[in-house]
Amino acid sequence: MLAERLRQAVAEARRENDLPDYLAEQILTIAARLDAQPEPVPEVETLLEQLPLYDTFAQTGYLGIGVTHLILEKTVKQIEDQLKD
């Protein structure tokens, strides 16, 4: 189930990558809403790909790699907008 995969990804990102609590809570709220969502939300797969790449200092070095809180926030917002419909 997609919602459960999202919950697991959040737990891992919190434990391994110091995912901020406010983002974790937003994503867990999305997971709860997905349980009742009849239609798939494609951006959830994107979020699942981004969570393991989260890095507090991403995009700041020479290579500019990783996923920042801003990138996650944008994806979260897209999902929240889709769930409002």
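One structure accompanies this document, and this report is about it. (Residues numbered from 1 in each chain as written. Predicted model: local features only at pLDDT ≥ 70, side-chain atom pairs only at ≥ 80, totals over all residues. Heavy atoms only, no water.)

Orientation of helix α1 (residues 2-17) relative to helix α3 (residues 43-50), taken along the N-to-C sense of each, is 25°, at an axis distance of 10 Å. The orientation of α1 relative to α3 falls into the category roughly parallel. Crossing hand, α1 versus α3: left-handed. Contacts from Leu2, Arg5, Leu6 and Ala9 in α1 reach Val44, Glu45, Leu47 and Leu48 in α3. For the contact of α1 with α3, the residue count by class is six nonpolar, no polar and two charged. (Axes fitted to C-alpha atoms, helices over the stretch in contact; angles between N-to-C directions. Helix = DSSP H or I, 4+ residues; strand = E, 2+ residues; numbered from the N terminus. Parallel < 35°, antiparallel > 145°, perpendicular 65-115°, else oblique. Left-handed = near helix turned anticlockwise from the far one by under 90°. Contact = heavy atoms within 4.5 Å. Nonpolar A, V, L, I, M, F, W, Y, C, P; charged D, E, K, R; others polar.)

This part takes up helix α2 (residues 21-34). Here α2 is 14 residues long and its end C-alpha atoms lie 20 Å apart, about the 20 Å a rise of 1.5 Å per residue gives. Among the residues of α2, those classed as buried are Leu23, Ala24, Ile27, Ile30, Ala31 and Leu34. Along α2, the residues classed as buried sweep out an arc of 120° about the axis, all on the same side. The secondary structure elements touched by the buried residues of α2 are α1, α3 and α4 (69-84). (Expected span 1.5 Å × (residues − 1). Buried < 20%, exposed > 50% of the residue type's maximum accessible area, 1.4 Å probe, protein only. Arc of directions from axis to C-beta.)

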